[in-house]
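Results of the structural survey
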Amino acid sequence: GDLDKVVNLLLSLSGRLARVENVLSSLGENANSEEWSSLNEKRKLLAGQHEDARELKENLDRRERVVLEILGNYLSEEQLQDYQHFVKMKSALLIEQRELDDKIKLGQEQLKCLMESL
């Protein structure tokens, strides 16, 4: 359960950080200094939160190694490999699900814009 939460947190913060950085880079010289300052402050806050989330992930990885060591005493080698595969695939599938959700959301927004333009 912790893995799901931390991976989703990292993905969410990464996406938000990327969006803020994209807006900052597209502002150009015409940007209002107050707007630029506000976005830059938001970027700094998100970057700090992202770093905190990375530390959570590192702690989770350490806990996973401890659990793996304990399970090694109780499971066969094949069962242990199945467990490791499950944990790796779970993270990969969470990331893929998030990407697909984002694509669906983008597609719905594009469809809405097309419908409004007709």
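Since the model is a prediction, treat every value here as computed from it, not as a measurement.

This part takes up the pattern of salt bridges. According to the stated counting rule, one finds four salt bridges in the structure shown. Note that Arg63 and Asp2 form a salt bridge whose closest N and O atoms lie 2.7 Å from each other. Taken together, the positions of Arg63 in helix H2 (residues 33–72) and Asp2 in helix H1 (residues 2–27) put the pair 61 residues apart, joining distant regions of the chain. Overall, the relative accessible area of 34% leaves Asp2 in the partly exposed class. Among the salt bridges present, the one from Asp61 reaches Lys57, with a minimum N-O distance of 2.7 Å. Residue Asp61 and its partner Lys57 are located together in helix H2, separated by four residues, close to a single helical turn.

Before going further, it helps to spend a moment on H1. Its 26 residues give H1 an end-to-end C-alpha distance of 37 Å, which sits within 8% of 38 Å, the value for a rise of 1.5 Å per residue. Listed as buried for H1 are Leu3, Val6, Val7, Leu10, Leu13, Leu17, Val20, Leu24 and Leu27. On its buried face, H1 is in contact with H2 and helix H3 (77–117).

Rules of the game
- Residues numbered from 1 in each chain as written.
- Predicted model: local features only at pLDDT ≥ 70, side-chain atom pairs only at ≥ 80, totals over all residues.
- Heavy atoms only, no water.
- Salt bridge = Lys/Arg side-chain N within 4 Å of Asp/Glu carboxyl O.
- Helix = DSSP H or I, 4+ residues; strand = E, 2+ residues; numbered from the N terminus.
- Buried < 20%, exposed > 50% of the residue type's maximum accessible area, 1.4 Å probe, protein only.
- Expected span 1.5 Å × (residues − 1).
- Contact = heavy atoms within 4.5 Å.

By themselves, these figures tell us nothing about what the structure is for.
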